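Spelled out, the chains give:
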Amino acid sequence: LAKTTQPISMDSYEGQEVNITCSHNNIATNDYITWYQQFPSQGPRFIIQGYKTKVTNEVASLFIPADRKSSTLSLPRVSLSDTAVYYCLATGGGNKLTFGTGTQLKVEL
Amino acid sequence: GAVVSQHPSRVICKSGTSVKIECRSLDFQATTMFWYRQFPKQSLMLMATSNEGSKATYEQGVEKDKFLINHASLTLSTLTVTSAHPEDSSFYICSATSYAGGGETQYFGPGTRLLVL
């Protein structure tokens, strides 16, 4: 299982773009990169998933360079409600997920 | 995205009793579901993998006789905490794997808060 490493915490202000980078040096060929968001006392919510290059949906963008050893989750114009823990995981092949510490994002006015 | 539900959302029980938590995939079938436990300020810890029609696979350190898992159908897995004690108080979360769109994504339930008195 590929281990992922991400910053423990990040602070931002409303309206700013937030980029959270995740390292996954040992990612397997068939693994995807998946990001989840978790609020207190709730289950993780799927945000975005990608294999390489760039993926964009209505809430975020995911950038994965050619070597796939890292990825960056980009949240445009964050608001207070984006304050949460964000998890980066390498997923695929029916493998069980191993959650790291995640990144606690705090958005202030 | 796919929807996973859990019931109950919150349960309080006396020490020594058993508690059953249900996990359902509402709009897709899941041959594999997972059960996690999360303590305050900590990350999710995988307890077991629930396989439809076969025995669950437990992670190291998780007692299979205490945490009974049944995956009787492609949309339902249950976790029963037997003879619960205060140290079992935690937030229990399930997930189910969806293969829609050609990819593989785990979707999580809303969680069940267990408090053992």
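Below you will find a few notes about this structure. (Residues numbered from 1 in each chain as written. Chains lettered and ligands numbered in written order. Predicted model: local features only at pLDDT ≥ 70, side-chain atom pairs only at ≥ 80, totals over all residues. Heavy atoms only, no water.)

Let us now look at the packing of aromatic side chains. This model, assessed by the stated rule, comprises 11 aromatic pairs over all chains. Aromatic side chains Y36(B) and F108(B) sit 5.5 Å apart centroid to centroid with 50 degrees between the ring planes, which places their arrangement in the tilted category. With Y36(B) in strand β4 (residues 32-38) and F108(B) in strand β10 (residues 105-108), this pair connects stretches of sequence that are 72 residues apart. The exposure class assigned to Y36(B) is buried, which follows from its relative accessible area of 0%. A residue is classified by how much of its surface remains accessible, and F108(B), at 9% relative accessible area, is buried. Here the aromatic rings of F67(B) and Y92(B) are separated by 6.5 Å at their centres, their planes lie at 40 degrees, and the arrangement is tilted. Separated by 25 residues along the polypeptide, F67(B) in strand β7 (residues 67-73) and Y92(B) in strand β9 (residues 90-98) bring together distant segments of the chain. Like F67(B), the residue Y92(B) is buried in the burial classification. Joined through ring pairs, the aromatic side chains of Y36(A), F46(A), Y87(A), F99(A), F28(B), Y36(B), Y107(B) and F108(B) make up one cluster. One Lys or Arg, R68(A), reaches over the ring of Y51(A) and ends 3.9 Å from the middle of that ring. Positioned above the aromatic ring of F67(B) is the side chain of K66(B), whose terminal nitrogen or guanidinium carbon lies 6.0 Å from the ring centre. (Phe/Tyr/Trp six-rings, centres within 6.5 Å; stacked < 30°, edge-to-face > 60°. Helix = DSSP H or I, 4+ residues; strand = E, 2+ residues; numbered from the N terminus. Buried < 20%, exposed > 50% of the residue type's maximum accessible area, 1.4 Å probe, protein only. Lys NZ or Arg CZ within 6 Å of the ring centre and 35° of its normal.)

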